[in-house]
Each structure stands twice: as structure tokens, then as C-alpha cells.
Amino acid sequence: MPKTMEDSDGLPLFAFQDLDYIPSGFGGILAPYIETTAGTMRAAATLMRLGFQTEEDDKKGGNETLIAHQEVVCDLGCGDGYFLISLLAHISLLTPLALPIGLGIDYDPSLIASAGIASSLQKVNASWLIYNFNDDREDLVSQLIDKHQVTHMFVYLVPKQLALGTVRRILTSLCGSGVVVCCHKFYPEYLTPARRDALMELAVYDESS
Ligand SMILES: C[S@@+](CC[C@H](N)C(=O)[O-])C[C@H]1O[C@@H](n2cnc3c(N)ncnc32)[C@H](O)[C@@H]1O
């Protein structure tokens with residue numbers, strides 16, 4: 001029997017590292033890697049309003065045209081990139097001129113290596129960063145805003161992580177800078193959602209709306 005891993009509080013972690021596949025639909029709150037499903041991904045894209053956005057041509061007349069905005073979508077805790085790559089492909093299918101950019105962040109180098117290979121094979125425009133946001137030693141917020149110009153962020157983290165001071169600062173600062181943040185299943189108590197999809201367990205924090 002493999003030794004059961006424990007978290008910093010001595011609670012047992014589900015032993016995903018001993019499996020040679022990624023379980024889907026596992027709902028425990030201590031699992032380190034749970035993949036978000038395709039249905040949730042599409043709902044998240046809709047709730048974040050990714051893709052073309054409308055802009056009024058003539059304010060008085062109310063005419064609207066579709067215009068492309070450069071959207072840079074970050075997955076904070078991206079795993080092997082499956083979710084982010086699918087999301088980028090979904091946006092490109094819906095709106096072929098949108099050309100979204102992705103940035104995936106994870107502290108597990110093997111998952112980031114897999115993500116890099118998968119994004120090259122699937123020809124999506126994404127970059128991948130090995131980084132531990134629990135420590136946040138290099139000020140992630142300024143990197144995301146100034147260097148990567150992130151416009152949207154997807155977050156699927158357990159409640160203990162969302163409550164960390166570092167994660168709280170990252171999410172609060174990003175929202176305050178106009179980044180649209182979407183959380184799945186677990187929600188930060190310090191932010192107020194602008195929109196929700198209760199069925200898909202999604203909440204969007206959007207200070208511009
Ligand atoms: C629940 S999975 C979500 C994966 C993907 N975003 C999705 O929705 O399918 C959480 C991911 O966060 C990563 N993660 C957890 N803590 C992290 C930390 N402190 N720094 C960076 N990545 C972390 C894990 O390695 C895991 O891949």
C-alpha cells in the first residue's frame with residue numbers, strides 16, 4: 001500500500017499521484033488535481049463573456065457592431081492545461097477572429113511540461129509558468145497585469161487555498177485592476193459575485209459590470 005500523503009494540517013490527501021489517469025467527477029475538497037469538465041468550460045466562457053464583445057457604434061442610435069478584443073485568459077492552477085486549451089479552442093471556434101491568448105500557472109513542472117506539449121500539438125496560443133502562488137515570492141499580480149496583460153482568470157482551487165493571504169491578495173488585486181475572475185465550485189468569501197451559474201457551480205467577479 002502506498003503511504004497516504006497528508007496536507008499541512010495532517011489531513012489525508014487523495015493519492016492522485018499513484019494513479020496513471022486523471023479521475024473526473026471526483027468531488028472531494030482535498031484533491032490536488034480535479035479536471036473541470038467540457039460543459040463547465042463552455043458555461044465559464046459564457047459567464048465570463050469571452051469572445052467577441054459588442055460596442056455601440058452610435059450611442060444615440062443604439063447601433064451595435066461586433067469588435068474583437070485581445071483576450072488573455074489565465075488559469076490559476078492549470079494542471080496539464082486541458083481546461084485552458086479547451087477553453088481557447090472553444091473561443092476560437094465560436095469567434096474565429098478572436099485569437100485568444102492563454103497563460104497557465106501551476107507549481108507542478110511535470111504538469112506544465114505536458115501542457116506545453118499539448119498546446120503546441122493543438123496549435124493554441126498559450127504560455128505556461130511554473131509558479132507557487134501560495135508563496136507568491138515574485139509578485140504574480142504585476143507579472144499578470146504588466147507583462148501578460150491578463151484580462152480573464154479561471155480559478156478552481158480548494159477553500160483552504162482561496163483563504164490564504166497570498167491568494168486573497170492576488171484575486172482581490174486582479175479584480176480591482178479590471179480582470180474578470182471566474183471561480184468554480186469553491187468561492188472566495190472576500191469577493192462579491194457579479195454573475196452566477198448555479199447549475200455549473202460558477203461565479204464571476206467582474207468589477208466593470
Ligand atoms: C483542481 S485542479 C484544477 C485544474 C484546472 N484548472 C481545471 O480546472 O481543470 C488545481 C490545480 O492547482 C494546482 N495548484 C495547487 N496549488 C498550487 C499552488 N500553490 N501553486 C500553483 N499551482 C497550484 C494543482 O497542481 C492543480 O493542477
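If you're wondering where the values come from, they're calculated on a predicted model, not measured in any experiment.

Rules and cut-offs
- Residues numbered from 1 in each chain as written.
- Predicted model: local features only at pLDDT ≥ 70, side-chain atom pairs only at ≥ 80, totals over all residues.
- Heavy atoms only, no water.
- Pairing = 2+ DSSP bridges.
- Helix = DSSP H or I, 4+ residues; strand = E, 2+ residues; numbered from the N terminus.
- Axes fitted to C-alpha atoms, helices over the stretch in contact; angles between N-to-C directions.
- Salt bridge = Lys/Arg side-chain N within 4 Å of Asp/Glu carboxyl O.
- Buried < 20%, exposed > 50% of the residue type's maximum accessible area, 1.4 Å probe, protein only.

**Thoughts on the sheet that holds strand 4 (residues 101-106)**
In any sheet, the strands associate via hydrogen bonds between backbone groups, in a parallel or an antiparallel arrangement. Spatially, 7 strands are ordered 5-4-3-6-7-9-8 in an open sheet, and the strand pairing comes out mixed. Sheet topology places strand 5 (126-130) and strand 8 (195-197) at the edges, where each strand pairs with a single neighbour. On average, adjacent strands in this sheet sit at an angle of 15° to one another, irrespective of strand direction. In this sheet, strand 9 (residues 202-205) lies alongside strand 8 in antiparallel orientation, the contact comprising 3 bridges. Within the sheet, the bridge partner assigned to D197 lies in strand 9 and is L202.

**Focus on the pattern of salt bridges**
Pairing between side chains of opposite charge can happen when their charged atoms approach one another. Counting across every chain of the model gives 5 salt bridges. Residue K185 pairs with E201 through a salt bridge whose shortest N-O separation is 3.4 Å. Taken as a pair, K185 in the loop between strand 7 (180-184) and strand 8 and E201 in the loop between strand 8 and strand 9 lie far apart in primary sequence, 16 residues in all. With a relative accessible area of 32%, E201 lands in the partly exposed category. Between R195 and D206 there is a salt bridge, with the nearest N and O atoms lying 3.2 Å from each other. With R195 in strand 8 and D206 in the segment after strand 9, this residue pair connects regions lying 11 residues apart in the sequence. Given the relative accessible area of 10%, D206 is considered buried. Residues participating in the shared-partner salt-bridge network are D136, D139 and R169.

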